Amino acid sequence: MVKKICCIGAGYVGGPAMAVMAQKCPSIEVAVVDVSRPRIDAWNSDRLPVHEPGLYAVVRACRGRNLSFSSDVDRHVADADIVFVSVNTPTKSRGLGAGLAADLAYWESAARMVASAASRSATNGESKSKIVVEKSSVPVRTAEAMERILLAHGGGEGDDAAFHVVSNPEFFSEGTAMRDLLCPDRVLIGGRDRDAVRALVDVYAHWVPEDRIVTTTSLCSAELSKLAANAFLAQRVTSANAISALCEAVGADVSDVSRAVAMDRRVGGGAFLNAGVGFGGPGFHRDVLRLAYACDCNGLPEAAEYWRQVVAVNEYQKSRFVRRVVSSMFGTVAGKKVAVLGFAFKKGVADTRESPAVDVCRGLLGDRAHVSMYDPAVSEKQILRDTAGKVRVARDAYEAAEGAHGLCVLTEWEEFRTLDYRRIFDGMQRPAFVFDGRNVVDVGKLREIGFVVYSVGKPLDPWLKGLPAVA
Ligand SMILES: NC(=O)c1ccc[n+]([C@@H]2O[C@H](COP(=O)([O-])OP(=O)(O)OC[C@H]3O[C@@H](n4cnc5c(N)ncnc54)[C@H](O)[C@@H]3O)[C@@H](O)[C@H]2O)c1
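Residues numbered from 1 in each chain as written. Predicted model: local features only at pLDDT ≥ 70, side-chain atom pairs only at ≥ 80, totals over all residues.

- As annotated in an unreviewed UniProt entry, the chain carries the name UDP-glucose 6-dehydrogenase and comes from Digitaria exilis.
- Under the Catalytic activity (unreviewed entry) heading, UniProt states for the chain: "UDP-alpha-D-glucose + 2 NAD(+) + H2O = UDP-alpha-D-glucuronate + 2 NADH + 3 H(+)". (UniProt positions renumbered as here; feature names shortened; annotations may be inferred.)

## Here we look at the site of the ligand
And then number 1: Around the ligand, the surrounding shell holds 25 residues, and the nearest of these are G9, G11, Y12, N88 and S136.
And then number 2: Among the elements that line the shell around the ligand, the one with the most residues is helix α5 (residues 105-123), at four residues.
And then number 3: When grouped by side-chain class, the residues that make up the shell around the ligand number eleven nonpolar, ten polar and four charged. (Near = placed C-beta within 6 Å. Helix = DSSP H or I, 4+ residues; strand = E, 2+ residues; numbered from the N terminus. Nonpolar A, V, L, I, M, F, W, Y, C, P; charged D, E, K, R; others polar.)

## What to know about the sheet that holds strand β7 (residues 187-191)
And then number 1: Ordered in space as β3-β2-β1-β4-β5-β6-β7-β8, the eight strands form an open sheet in which the pairing is mixed. Strands at the two margins of the open sheet, each flanked by one partner only, are β3 (67-70) and β8 (213-217). Neighbour to neighbour, the strand axes of the sheet diverge by 25° on average, direction disregarded.
And then number 2: In terms of strand pairing, strand β6 (residues 163-167) meets β7 through two bridges, oriented antiparallel. Directly across from V166, in β7, lies its bridge partner G191.
And then number 3: Across the sheet, helix α1 (residues 14-24) touches β1 (4-8), β2 (29-33), β3 and β4 (82-85), and the angle it forms with β2 is around 170°.
And then number 4: Along the sheet, helix α9 (residues 219-250) contacts β6, β7 and β8; its crossing angle with β7, the most-contacted strand, is approximately 145°. (Pairing = 2+ DSSP bridges. Axes fitted to C-alpha atoms, helices over the stretch in contact; angles between N-to-C directions. Contact = placed C-beta atoms within 7 Å.)

## Quick word on the packing of α9 against helix α11 (residues 284-297)
And then number 1: Remark: α9 packs on α11, axes separated minimally by 8 Å, with the N-to-C direction vectors making an angle of 115°. Between α9 and α11, the crossing angle belongs to the class labelled roughly perpendicular. Seen from above, α9 lies across α11 with left-handed handedness. Across from L227, A228, N230, A231, L233 and A234 in α9, the residues of α11 making contact are F284, D287, V288, R290 and L291.
And then number 2: When its residues are assigned to classes, the contact of α9 with α11 shows eight nonpolar, one polar and two charged. (Parallel < 35°, antiparallel > 145°, perpendicular 65-115°, else oblique. Left-handed = near helix turned anticlockwise from the far one by under 90°.)

## With respect to the nonpolar core
And then number 1: Counting 73 residues, the largest nonpolar core has V340, L341 and C408 as the members making the most contacts within it.
And then number 2: Sequence-distant contacts of C408, that is, excluding residues within four places in its chain, are made with V325, V338, V340, L341, V360, F435 and G437. (Core = buried A, V, L, I, M, F, W, Y, C linked by C-beta atoms within 7 Å. Buried ≥ 20, exposed ≤ 12 C-beta atoms within 10 Å, placed from the backbone.)

## As for the domain arrangement of the chain
And then number 1: If you check the domain split of the chain, you get domain 1 (4-217) and domain 2 (220-471).
And then number 2: In this structure, domain 1 and domain 2 have C-alpha centres spaced 35 Å apart.
And then number 3: Facing 20 residues of domain 1, the contacting portion of domain 2 comprises 19 residues.
And then number 4: At the level of elements, α6 (142-152) and β7 are the ones that each hand at least two residues to the side of domain 1 that touches domain 2.
And then number 5: Tallied by class, the residues present in the side of domain 1 that touches domain 2 amount to ten nonpolar, eight polar and two charged. (Domains from an automatic or database assignment.)

## Section: the environment of E412
And then number 1: Looking at the element boundaries, E412 is found in the loop between β12 (406-409) and α16 (421-427).
And then number 2: The class of E412 is buried, set by 20 C-beta atoms lying within 10 Å.
And then number 3: Separated by 68 residues in the primary sequence, E412 and A344 have C-alpha atoms spaced 9.2 Å apart.
And then number 4: Once residues within four sequence positions are removed from consideration, E412 is found in contact with K347, R438 and V440.

## Describing the pairing of strand β10 (residues 370-374)
And then number 1: Where burial is concerned, most of β10 is hidden: four out of the five residues are buried.
And then number 2: The parallel pair strand β9 (residues 337-341) and β10 is bridged by helix α13 (residues 356-366), and the resulting crossover is right-handed.
And then number 3: Sheet topology note: the β10/strand β11 (residues 392-393) ladder contains two bridges and is parallel. Directly across from M373, in β11, lies its bridge partner V393.
And then number 4: The parallel pair β10 and β11 is bridged by helix α14 (residues 380-386), and the resulting crossover is right-handed. (Right-handed = clockwise from strand over helix to strand, strands pointing away.)

Right under this line is the structure:
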């Protein structure tokens, strides 16, 4: 019977995932531990380090009851029946596989902490078998490496093992983390030891219907499933984006094409089939490259090349957008004011990691445009950090567009659909261009107002037809 759970890593995943577990399993004590004391202090305060709708209410209700945040890693790991490992696994910035492979240094240090905390409690005669759950997104076969580290510390083997390693990757999306955690499409649990898997199933079964808890998967299939899920989603967006380029060339409308494709039951719905300026966020780009790297490392260059193309087409889509902006504005944006609406990688988040808006801005700045930026959620500090201080940050869309020659929409925030575009038009230079990288504006209405409108994958504005597609 599981009484105590500990999670190493009080980050974006560990905090929300354990808060939900504590809420749904009142009989289990859940401790979230981290080497970073400021992080722990933040989790114990009213200003949590992670902002997700609904998170604060759950943390407030459970903190001090059966949920705690602590920097005493050893004690909580030693006490726990189940130890989740949810530490960061950034991409290596140097050495072998730099830019592609996962840096497993944090992950290995966590594995060693588990091993030594457990062997200390064994020495004190308090030994009990632990279930170690790999929650971080890791390369395939990392769980095996963890088993080796634990065994090397005298963890025993087979039925006598002091540790059983289980893979349970996290699939939630930023911005909807709580909803996804409370009502997941599936919970994947891969592992060799059936009792360990069953123990984790029993925890999730407090709130997840058993038919959504998948246990018929091996350790390495579970690990690969996480990479594959992100890569498939990135690939879907990229397929729509590749079609968008052809739509513009032949006068078709990518929204009509995507809708028709999505209606085919075999395709499984329209999610991630919207064309745009490119996918972003911390997971997609990284996981596609990790998948390609895994293929390369296993002697599969053709498969690796396939996945690398997903990233290459995403880069193409971003640069295609910049070139369209420049070519439309008579081949030069030098000295012209260009308003950018939206900097986050998607609506509903303040995260700019791998945001296509960052690259589009770099492209415009490279052509010496004066960029004026507005995003409803991203802080001014973050915008300036991502653009090396080279853009002006406006308080709202109207201020950003005042006096501009062109306006680019780069995040699909709802508020950009309902702006007073007549007012924006009145304040802009002539001709006034709108470049919609997210298909959010009403193209017909804006053309009636007098804008020259480009919207990714839509039939071109008659005004743009004679111009080259690329600068
Ligand atoms: N952020 C997401 O939306 C998301 C979604 C699904 C999966 N993931 C994956 O989950 C994992 C965790 O991601 P995150 O976003 O929570 O990372 P994060 O950087 O927000 O948090 C990781 C935490 O682990 C702590 N840590 C590192 N080494 C430690 C150690 N040895 N002992 C104790 N604490 C340690 C760090 O101090 C940090 O606070 C990653 O593998 C990530 O790829 C992230």
